[in-house]
Amino acid sequence: MATSSTPPAALRASAPPAEWPERSGCPVHDLRRRLRDSGLRPTRQRVGLGWLLFAKGDRHVTAEILFDEASKARVPVSLATVYNTLHQFTEAGLLREVAVDGAKTYFDTNTGNHHHFFVEGDNTLFDIEGPSIEIGALPEPPEGMEIARVDVIVRLRRKGS
Ligand SMILES: [Zn+2]
């Protein structure tokens, strides 16, 4: 049992872990604040996964992709934790879930209203840029319901395949 000889300044309760320096204008600081603002305690796992998700611009990831990235980045999480965290982020409005089919759910860091191309076989999902989709003749929602949003996934395949 080693007794700590850490200087008192480093023992302040507000001191962040050494690998996540908290300073003004720092993306990690912004991420922690974003988590707090969404009602999520910025635990080390959430910050680690959030960093992988939100630090590279708009992305579409599955739990498996994120788990793989976390392993490579040495963020110590299980696949179950990745799933839970993705769903917590989605419920908090930080991510949008895009269900491509029963087995494949993508999580989109762009929570704005937009549609997707999906390349079958490659399993890649990407945004359809611009207001290129016109949706007409939507069905009348049942009594007491309103349409929350319409997700369009345009499925692609390579020509000649
Ligand atoms: Zn998207």
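So, how was this worked out
Residues numbered from 1 in each chain as written. Predicted model: local features only at pLDDT ≥ 70, side-chain atom pairs only at ≥ 80, totals over all residues. pLDDT = per-residue confidence, 0-100. Helix = DSSP H or I, 4+ residues; strand = E, 2+ residues; numbered from the N terminus. Contact = placed C-beta atoms within 7 Å. Core = buried A, V, L, I, M, F, W, Y, C linked by C-beta atoms within 7 Å. Buried ≥ 20, exposed ≤ 12 C-beta atoms within 10 Å, placed from the backbone. Pairing = 2+ DSSP bridges. Axes fitted to C-alpha atoms, helices over the stretch in contact; angles between N-to-C directions.

> What exactly am I supposed to notice about the confidence of the model for the protein chain here?
It should be kept in mind that the predicted coordinates are not to be read in detail where pLDDT is low. Mean pLDDT over the protein chain: 83, with 82% of residues reaching 70 or higher. Averaged over each element, pLDDT in the protein chain is lowest for strand β2 (residues 96–101) (88) and highest for helix α4 (residues 79–91) (96). Counting interchain partners and residues more than four positions distant, the pLDDT-below-50 stretch residues 1–24 has 13 contacts.

> Help me understand the nonpolar core, please; the structure alone is not making it clear to me.
Proteins that are soluble and globular tend to have nonpolar side chains buried together. Counting residues in each nonpolar core, the largest one holds 15 residues, and the members touching the most others are Leu 49, Leu 66, Ala 70, Val 82 and Leu 86. Put simply, the parts of the chain that give this core at least two residues each are α2 (44–54), α3 (63–72), α4 and β3 (104–108). Those residues within four positions of Leu 66 in sequence are excluded, and the remaining contacts are Leu 49, Leu 52, Leu 53, Val 61, Val 82 and Leu 86.

> I tried to follow the sheet that holds strand β6 (residues 153–156) on my own but got confused; where do I start?
Think of a sheet as strands paired side by side through backbone hydrogen bonds, with each pair either parallel or antiparallel. Read across the open sheet, the three strands follow the order β5-β4-β6; overall the sheet is mixed. With one partner strand each, in any of the chains shown, β5 (124–127) and β6 form the two edges of the open sheet. Averaged over all pairs of adjacent strands, the angle between strand axes in this sheet comes to 25°, irrespective of strand direction.

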